[in-house]
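So you can see what is in the structure, the chains are spelled out below.
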Amino acid sequence: KQEVTQIPAALSVPEGENLVLNCSFTDSAIYNLQWFRQDPGKGLTSLLLIQSSQREQTSGRLNASLDKSSGRSTLYIAASQPGDSATYLCAGLFGNEKLTFGTGTRLTIIP
Amino acid sequence: DTGVSQDPRHKITKRGQNVTFRCDPISEHNRLYWYRQTLGQGPEFLTYFQNEAQLEKSRLLSDRFSAERPKGSFSTLEIQRTEQGDSAMYLCASRLGSGANVLTFGAGSRLTVL
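Bear in mind the structure is a predicted one, so any value in this text is a computation, not a measurement.

Peer 1: Would you take a moment to explain the side chain of S109 of chain B for this structure?
Peer 2: All names here are of chain B. Summarising the element assignment, S109 is placed in strand β11 (residues 109-113). A distance of 2.6 Å separates the side chain of S109 from the backbone oxygen of P8, its partner in a polar contact. When near neighbours in sequence (up to four residues on either side) are disregarded, S109 contacts Q6, D7, P8, R9, F21, A88, M89 and Y90.

Peer 1: Honestly, the nonpolar core in this entry has me stumped. Any pointers?
Peer 2: If you look at soluble globular proteins, the nonpolar side chains tend to sit buried side by side. Formed by 22 residues in total, the largest nonpolar core has its most connected members in L33, W35, L75 and I77 of chain A. Broken down by secondary-structure element, the contributors of at least two residues to this core are β3 (19-25), β4 (32-38), β5 (44-51), β7 (62-67), β8 (72-77), β9 (86-93) and β11 (105-110) of chain A. Considering each element in turn, this core owes the most residues, four residues, to β3 of chain A. Within the second largest apolar cluster, 19 residues are counted, among which are V4, W34, Y90 and C92 of chain B.

Peer 1: What is the right way to read the interface of chain B and chain A from this model?
Peer 2: With 25 residues of chain B at the contact, the number on the chain A side is 20 residues. Note on chain B versus chain A: buried area summed over both sides is about 1700 Å², and carbon and sulfur give 53% of it. In terms of surface lost to chain A, no three residues of chain B exceed P43, A100 and F105 of chain B, which account for 23% of the buried area on that side. Run the count over chain B and chain A and you get three salt bridges. Scanning the region where chain B abuts chain A turns up seven residue pairs in polar contact (both at pLDDT 80 or more). Among the secondary structure elements, those contributing two or more residues to the side of chain B that touches chain A are β4 (31-37), β5 (44-50) and β9 (88-95) of chain B. Here the element with the most residues in the side of chain B that touches chain A is β4 of chain B; it accounts for four residues.

Peer 1: In this structure, what is going on with the state of the cysteines? I would like to understand it.
Peer 2: Two cysteines form a disulfide when their sulfur atoms are joined by a covalent bond. Residue and element names in this part refer to chain A. Tallied over the full model, the rule gives two disulfides over all chains. In this model C23 forms its disulfide with C90; the gap between the sulfur atoms is 2.0 Å. Taking the sign of the S-S torsion, about 85° here, the bridge from C23 to C90 comes out right-handed. Residue C23 is located in strand β3, and its partner C90 is located in strand β9; the two are separated by 67 residues in the primary sequence.

Peer 1: Even after reading the chapter, I still don't get the pairing of β11 of chain A, so can you show me in this structure?
Peer 2: For a regular strand, side-chain orientation follows a simple rule: the groups alternate between the two sheet faces. Residues and elements named next belong to chain A. Here β11 shows one buried face, formed by T105, L107 and I109, and one open face, formed by R106, T108 and I110. In this sheet, β11 lies alongside strand β2 (residues 10-14) in parallel orientation, the contact comprising five bridges. Following the sheet pairing, S12 is matched in β11 by T108. Relative to β11, β9 runs antiparallel, the two sharing three bridges. Looking at the pairing, T87 lines up with R106 of β11.

Peer 1: Please clarify how the sheet that holds strand β6 (residues 56-59) of chain A should be interpreted in this entry.
Peer 2: Think of a sheet as strands paired side by side through backbone hydrogen bonds, with each pair either parallel or antiparallel. All names here are of chain A. Spatially, β1-β3-β8-β7-β6 is the arrangement adopted by the five strands of the open sheet, whose pairing is antiparallel. Of all strands in the sheet, those bounded by a partner on one side alone are β1 (4-5) and β6. Strand direction decides the pairing type here: β3 and β8, joined by six bridges, are antiparallel. Within the sheet, the bridge partner assigned to C23 lies in β8 and is S73.

Peer 1: What is the right way to read the packing of aromatic side chains from this model?
Peer 2: Geometry of an aromatic ring pair is reported as the spacing of the ring centres plus the angle between the planes. Counted under the stated rule, the structure contains eleven aromatic pairs over all chains. Where F45 of chain B meets Y48 of chain B, the ring centres are 6.4 Å apart and the plane angle is 55°; that geometry is what we call tilted. Exposure class is identical for F45 of chain B and Y48 of chain B. Each is buried. Three or more aromatic residues joined by ring pairs make a cluster, and in this case those are F36 and F101 of chain A together with Y33, Y35, F45, Y48 and F105 of chain B. If you follow R22 of chain B out to its NZ or CZ, it ends over the ring of F74 of chain B, 3.9 Å from the centre.

Rules used in this analysis
Residues numbered from 1 in each chain as written. Chains lettered and ligands numbered in written order. Predicted model: local features only at pLDDT ≥ 70, side-chain atom pairs only at ≥ 80, totals over all residues. Heavy atoms only, no water. Helix = DSSP H or I, 4+ residues; strand = E, 2+ residues; numbered from the N terminus. Polar contact = N/O pair within 3.5 Å; in protein donor to acceptor, adjacent residues only side chain to side chain. Contact = heavy atoms within 4.5 Å. Core = buried A, V, L, I, M, F, W, Y, C linked by side-chain atoms within 4.5 Å. Buried < 20%, exposed > 50% of the residue type's maximum accessible area, 1.4 Å probe, protein only. Buried area = accessible area lost by both parts, 1.4 Å probe. Salt bridge = Lys/Arg side-chain N within 4 Å of Asp/Glu carboxyl O. Disulfide = S-S within 2.5 Å. Pairing = 2+ DSSP bridges. Phe/Tyr/Trp six-rings, centres within 6.5 Å; stacked < 30°, edge-to-face > 60°. Lys NZ or Arg CZ within 6 Å of the ring centre and 35° of its normal.

The structure is reproduced here in structure tokens:
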């Protein structure tokens, strides 16, 4: 059974700092991994999608990496801002049509 | 491209009532997905369609749940005889083609069963 884990469940960081969010998965036969942002009571906004053949993807201040052999992905946020406060979810696609989600990391950027 | 639209955004109902949610995907997207998210958890897969065909259903989708996508465009998710355990956010998502493409989610429909 594929499992996706995100630790810690919550993280607080002072504004301006760089930070890394972690995602681990149990099945190295991952097809791709997607990072999402979710604001309270809202839907999911896609941030980055990394294919299994890629090592990383970048969008603005965000950089996501994928290491299939170790079963890990990270989301790096540079120069954090209060507007980055949200829950960040990672989700893996493991050869079928179903995304398997982690439980998310709730990020708070302290002004 | 107006994104994925879901209606209603919030629904409060009494136990035993039926509810229906609607999802309008991005127009050119042939694949449509339903997920359910409870508080503090990640979304869980319920079902997906390729065009009008429902290709997979999760075991989470009991007999009280039914989903349709009659013309391969919008989709509905109906819950009959609602129970308090059905209270959750119901998320719809769509994409064009296979899993290699980004999955775009709607804002969700929050259900509260009293």
